[in-house]
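Architecture at a glance
Residue strings, one per chain:
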Amino acid sequence: MLHYTLRRLLAIIPVLFIVSIIVFMIVHLTPGNPAYLILGEDSSPEAIEQLEQQLGLDKPKVIQYFDWLGNIFVGDLGQSIYSEQAVTQIIVERLGPTFSLMVISMLLTIIVAIPTAIFIVWKRNTVLDPLFLSGSLLGTSIPEFWLALLLVLGLGVSVPIFPVAGYIPITDGLLGWLHHLLLPGIVLAAVEVGLIARMLRDSMLESVNQDYTKTARGKGVKESTVLMKHVFSNALIPTTTVIGVTVAGLLGGTVIIETIFTIPGVGQLLIDSIHRRDYPVIQGVVLFVAFVYVLINLIVDLLYAFLDPRIRYD
Amino acid sequence: MLEVKNLKAHIDTPDGVVKAVDGVSFIIKPGETVGIVGESGSGKSVLAHSIMQLNPKPPTFYPQGEILFEGRNLLQLQEKELRKIRGNDIAMIFQDPMSSLNPVFKVGEQLMEAILTHHHMPKSKAKQRAIELLKDVGIPDPEKRMNAYPHQFSGGMRQRVLIAIALACNPKILIADEPTTALDVTIQAQILELMKNIQEKYGMAIIIISHDLGVIAQMAEKVLVMYSGRIVEKGNVEDIFFHTSMPYTWSLLRSLPRIDSESRERLLNIEGQPPNLIHPPSGCNFHPRCPFATEQCKLIDPELTKRSSNHFVACLLSEVEFKEAKRLMENVEQEGDLKHV
Amino acid sequence: MLRRKRNLIPFVFLILLFLATMTATWWLPVSPSFMDSSLRLMAPSAEYWFGTDHFGRDIFGQTIIAARVSLLVGFTVAALSTIMGTITGLIAGYYKKLDSIIMRIIDGMLAFPSLLLALALVAALGGSVTNIIIALTFSFWPVMTRVVRSSVLQVKNIQYVEAAKTSGIKDPVILSRYILPNVMSPIIVQGTFIFARSILAEAALSFLGVGVEPSIPTWGNMLQEAQIYITTAPWFSIFSGIFIVVTVLALNILGDGLRDAFDPYAKGKKKVKKQMFKQRKQYAS
């Protein structure tokens, strides 16, 4: 296990290196001078020159990259052009809402997907299974922003159960926090549930006819116990990798959902910064999200290894 | 104790109904060892799973027959009642020890599950019992091995664990479905030896299923020979091996390598494919592959008839006719061999 | 493949949608760009099936016309991703030495949630149909590379490929004549899914206001404009949304169906066969 962990840790170094190059290039591959892009075509040459110096754009690209990379290592992602605050600080300030939203939608997804998958596998020879498959296919075909609009219309306006915008920090009261995040959380979860439940069902179905389930049935164990204990425990292992996929979906989804529900999180920050052409912030957010994503996938992989005794004891 | 009466187990497939077991009857008395032998696809495994009611339903269904265990028909029992019998009165070990243990649970846990499913007792007591069982099946250092995972055991050791699981509730019948097929030859002998020993100690009846007549000869007192879902010959082990009366059994015997044999008998495979169980051949199912088949065999489906007190055969040839045919055939082959030399 | 009804229905739908949108100007009774401020935000009626928008334009016509960009973006991204992914995947799977380099880069690209990478790229390049296509292709082709590579690894060591190698056939020929035909099915399936995902992504980008120029009608742009009228004119949001869902669903069903059709032991009726096969194998002994 130690060997596996070390190998896995080492493997993320090249990935992060490539990530940093891509993020760096995103800004520098823009046609023309980034300073013009930021300030607009008709700005004065002095202003351009000043910004170029401020951003280090007058140096060769390779030097710029390593300067930038060096700063990242000490936690310096540069300065916002719009607010002149440190990018790191801006992102940290926006973390709370995004993190809250992701936790809630993740929990909702798991709470719905796992029992659904178990139930479908239990009823696998009935009409419920093809129905479920169609439903899951439909689920992955719905754009989350459209679903959000419909739910806002239904649960926010027609039957006003939930607020349709805003955010209350958890420190200002758990109920208000939950009340504001539940509707956006439902939207995000709704899109993920179909995918996760489908993957869980597939791996459970693979496990349901394995020889060890026959051994368990041969012991006189109840069918429900066979499913919940023997089949589920084995199906869970490959499903952990699905969590990585879900997180990716959620990270993308929060951008849209935060914009619709005006939740002041990282996603909204990104969209605002794009509109403001605040490139240091865009760069910082994209780098940060990619870093989080790589980290979560690392944790998932280690979890996978930990859950599977065949790897844990090797 | 266990009586199977005219059992049919059919499987619904998109291509048609597979008559996997097609009218099988036999009786097992306490403490007895019965061997079921046949090629792949002869239905012996479906038969074994039928007794445990472990064939998936659907697609398997039982259009006819009874499986009477201590007077109760297992085919008509509720799932709840069946569960009380499975593992407790009738236990089973499967062909592939590598995949028959759940990889994510400790061996001890899986063994204790077998005990605790049928007996209410404190966990500590179940653990004691589990350690005893592991000792009984010859696993060294059982206290420590309780905490190991299946992948840390060799194939032979896993089969021992599976036997321990089957023994957990001291069953009256142990069904062993090809228990040694997946194991090395030396390990095979050890497992068979172990099964004999535990039968002596626990006194249960054993149904052993194998395609290997060697295994059957070593273990069984009574033998059922199955072909395309039916019993084609049954009798005591001597009847089957020394008074073989069915061409199929004879072919099976000839396909067996014999070290002790002085004759220069060649290793023979049975020619042709096992029959299609959806559209079985007319007449005797074996006639397309039978070296002695006559026109009669294509028309008449022979019934299992008594030859001696315990010996039953489903063949149109009489004992005398069969002996004569065999002799002729062997002469021809010997001549053929001489020519080749 | 298309003989099965399940695949045929979505296929026919997509063809019809394509034909309808390409010929729309000829058969639509009202020009989709015709504005009449006296007809602002009218509910669906016999004349305006889907109602009218905030400029008094016919939403039905707009929705049909908007399919052009969505299908164009989806198809182009799918095609470009497939070409790039197939080439890189073939190379990575076939040449061991290049494999680790290519796959490190691919891993790096896959470390971004795809929508996020597309957002950042569009932010840098500026919003336009071409730039959206570039950004989405960049986000989706690594997925194709992975799929192709793993398929190549599976067929690479099959005997006839080995035989071709030893008989001195050149690598490009082996790759195109011996390996590519054998990895076509996962490529087509994945391509269909990328088509579907690109339509969703383009709609999302346009909805966020960083996608296709607002003057060009796309489903995402329509929803972006409709957003503020969600309470007063819900039909404005509903119909273009339904078109996205149905189109993406059709592609997903098609992808799923193709996967089953290519995989002899997959779902549906064939799944039963697979189980039977397994059981028969178990019973066989």
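Residues numbered from 1 in each chain as written. Chains lettered and ligands numbered in written order. Predicted model: local features only at pLDDT ≥ 70, side-chain atom pairs only at ≥ 80, totals over all residues.

**Looking at the overall build of chain C**
Convention followed: Elements are defined by DSSP. Helices are runs of H or I of four residues or more, strands are runs of E of two residues or more, and each kind is numbered from the N terminus. As a rule, residues whose C-beta atom has 12 or fewer other C-beta atoms within 10 Å are exposed, those with 20 or more are buried, and those in between are partly exposed; C-beta atoms are placed from the backbone. Here the contact rule is simple: place C-beta atoms from the backbone, and any two residues whose C-beta atoms are within 7 Å are in contact.
Regarding its fold elements, chain C presents 11 helices and zero strands. In chain C, which comprises 285 residues, the proportion classed as buried is 47%. Put simply, of all contacts in chain C between residues at least 6 apart along the chain, 66% involve residues at least 24 apart.

**Observations concerning the overall build of chain B**
Inclusion rule: Atoms considered for the radius of gyration are the C-alpha atoms alone. The globule rule reads 2.2 Å times the number of residues to the power 0.38.
Scanning chain B for helices and strands turns up 12 helices and 12 strands. For 341 residues, the compact-globule estimate of 2.2 N^0.38 gives 20 Å, and the C-alpha radius of gyration of chain B, at 22 Å, lies within 12% of that figure. Considering only C-alpha atoms, chain B reaches an extent of 70 × 50 × 40 Å along its principal axes. By the burial criterion, 45% of the 341 residues in chain B qualify as buried. Once local pairs closer than 6 in sequence are excluded, the contacts in chain B between residues at least 24 apart make up 65%.

**Regarding the pairing of strand β9 (residues 222-227) of chain B**
Residues in a regular strand point their side chains to alternate faces of the sheet. Residues and elements named next belong to chain B. Just so we agree on the cut-off: If DSSP finds at least two bridges between two strands, the strands pair.
β9 sits mainly inside the fold: six of its six residues count as buried. The side-chain alternation of β9 yields two buried faces, one formed by K222, L224 and M226 and the other by V223, V225 and Y227. Note that strand β3 (residues 33-37) and β9 share four bridges and pair parallel. Looking across to β9, one finds that V37 is bridged to V225. Here β9 pairs with strand β10 (residues 230-236) via six bridges, running antiparallel. Following the sheet pairing, M226 is matched in β10 by I231. Once β9 ends, the chain turns through two residues before running back antiparallel as β10, passing S228 with a positive phi of about 40°.

**Digging into the sheet that holds strand β5 (residues 72-73) of chain B**
Residues and elements named next belong to chain B. Stated precisely, the cut-off is as follows: Convention adopted: a line fitted to C-alpha atoms gives each axis, helices being fitted over their contacting stretch, and angles between N-to-C directions are expressed from 0 to 180 degrees.
Taken in spatial order, the four strands of this open sheet run β2-β1-β4-β5, and their pairing is antiparallel. Only two strands of the sheet have a single partner each, and these edge strands are β2 (16-28) and β5. Of the strand pairs in this sheet, strand β1 (residues 2-13) and strand β4 (residues 60-69) are connected by seven bridges, and their pairing is antiparallel. Within β4, the position partnered with V4 by the bridge is I67. The strands that helix α1 (residues 44-52) touches are β1, β2 and β4; relative to β2, the one it contacts most, it runs at about 70°.

**Here's the deal with the nonpolar core**
Stated formally: Put simply, a nonpolar core is buried Ala, Val, Leu, Ile, Met, Phe, Trp, Tyr and Cys residues tied into one set by C-beta atoms within 7 Å. Domain borders in the structure are assigned automatically or taken from a domain database.
Ranked by size, the top nonpolar core spans 246 residues in total, and within it I207 and V225 of chain B together with L119 of chain C carry the most contacts. There are two domains that each give this core at least three residues, and those are domain 1 (2-72) and domain 2 (93-307) of chain A. Sequence-distant contacts of V225 of chain B, that is, excluding residues within four places in its chain, are made with V37, G38, I231, V232, E233, K234, I240, M246, Y248 and T249 of chain B.

**What about the interface of chain A and chain C?**
Counted only if it meets this: Lys, Arg, Asp and Glu make up the charged group, whereas Ala, Val, Leu, Ile, Met, Phe, Trp, Tyr, Cys and Pro make up the nonpolar group; the residues left over, Gly among them, are polar.
On the side of chain C, 39 residues touch chain A, which itself brings 37 residues to the contact. Those elements that provide at least two residues to the side of chain A that touches chain C are α1 (2-28), α6 (128-141), α7 (144-158), α10 (223-260), α11 (266-276) and α12 (279-307) of chain A. If one sorts the elements of the side of chain A that touches chain C by residue count, α1 of chain A sits on top with seven residues. Tallied by class, residues from the side of chain A that touches chain C come to 31 nonpolar, six polar and no charged.

**Some points on the pairing of β3 of chain B**
Residues and elements named next belong to chain B. Extensive coverage of β3 is indicated by the burial of five of its five residues. Strand direction decides the pairing type here: β3 and strand β8 (residues 205-210), joined by five bridges, are parallel. The residue bridging V37 from the neighbouring strand is S210, located in β8.

**Description of the packing of helix α8 (residues 171-207) of chain C against helix α9 (residues 219-226) of chain C**
All names here are of chain C. As a reminder, the rule being used: Whether a crossing is left-handed or right-handed is set by the direction in which the near helix is turned from the far one by less than a right angle, anticlockwise for left-handed and clockwise for right-handed.
Across the interface, α8 lies against α9 with an axial gap of 7 Å and an inter-helix angle of 35°. Read as a crossing pair, α8 and α9 show a hand that is right-handed. Contact residues: E202, A203, A204, L205, S206 and F207 in α8; W219, G220, N221, L223 and Q224 in α9. Along the lines of polarity and charge, the residues of the contact of α8 with α9 split into six nonpolar, four polar and one charged.

**A few points about the sheet that holds β9 of chain B**
All names here are of chain B. If you walk across this open sheet you meet the eight strands as β6-β7-β8-β3-β9-β10-β12-β11, and the pairing is mixed. Two strands in the sheet have a free side with no partner beyond their single neighbour: β6 (90-93) and β11 (305-306). Against the sheet, α1 contacts β3, β6, β7 (173-177), β8 and β9, and its axis sits at roughly 150° relative to β7.

**Description of helix α7 (residues 185-202) of chain B**
Residues that lie three or four places apart on an α-helix share one face, since the helix turns once every 3.6 residues. Residues and elements named next belong to chain B. The line we're drawing: Multiply 1.5 Å by the residue count of a helix minus one, and that product is the helix's expected span.
Here α7 contains 18 residues, and its C-alpha end-to-end distance of 26 Å stays within 8% of the 26 Å for a straight helix at 1.5 Å per residue. For α7, the secondary structure elements touched by its buried residues are α4 (123-136), α6 (155-167), β7, β8 and α8 (213-219). A positive phi of about 70° marks G203, the residue just after α7.

**A look at α4 of chain B**
All names here are of chain B. Put simply, the rule reads: Directions are taken from the helix axis to each C-beta atom, and the arc is the one they span.
Here α4 contains 14 residues, and its C-alpha end-to-end distance of 20 Å stays within 8% of the 20 Å for a straight helix at 1.5 Å per residue. Of the residues making up α4, those classed as buried are A126, A130, L133 and L134. Relative to the axis of α4, the buried residues are bounded by an arc of 95° and lie together on one face. Along α4, exposed side chains directed more than 90 degrees from the buried face belong to S124 and E132. Looking one or two residues past α4, G138 carries a phi angle of roughly 80°, positive in sign.

**Re the packing of α1 of chain A against helix α4 (residues 96-109) of chain C**
In contact at an axis separation of 8 Å, α1 of chain A and α4 of chain C are set at 65° when each is read in the N-to-C sense. Once α1 of chain A is placed against α4 of chain C, the crossing between them reads as right-handed. Side by side, α1 of chain A and α4 of chain C meet where P14, V15, I18, V19 and I22 of chain A of the first sit next to R104, I105, D107, G108 and M109 of chain C of the second. Taken together, the residues of the contact of α1 of chain A with α4 of chain C break down into seven nonpolar, one polar and two charged.

**Details of the environment of K57 of chain B**
Residue position: K57 of chain B is located in the loop between α1 and β4. As for K57 of chain B and M92 of chain B, which are separated by 35 residues in sequence, their C-alpha atoms are 19 Å apart.

**Some words on the confidence of the model for chain C**
Residues and elements named next belong to chain C. Test applied: Each residue gets a pLDDT score, which is the predictor's confidence in that residue and runs from 0 to 100.
Summing up the model confidence of chain C, the mean pLDDT is 81 and the portion of residues at 70 or higher is 85%. Note that residues 266-285 has pLDDT below 50 and, in this model, 28 contacts with residues that lie over four places away or in other chains. Predicted complex, confidence summary: ipTM 0.84, pTM 0.78.

**Things to note about the environment of Q210 of chain A**
Along the chain, the position of Q210 of chain A falls in the loop between α8 (174-208) and α9 (211-218). Using a count of 17 C-beta atoms within 10 Å as the deciding quantity, one classes Q210 of chain A as partly exposed.

**Re unusual backbone geometry**
The phi angle at T262 of chain A is positive, at roughly 40°, despite the residue not being glycine. Since 12 C-beta atoms lie within 10 Å of it, T262 of chain A is described here as exposed. Phi angles above zero are rare outside glycine, and D141 of chain B is one such case at about 55°. With respect to the element layout, D141 of chain B can be found in the loop between α4 and α5 (142-145). Here D141 of chain B falls in the exposed class, since 10 other C-beta atoms lie within 10 Å of it.

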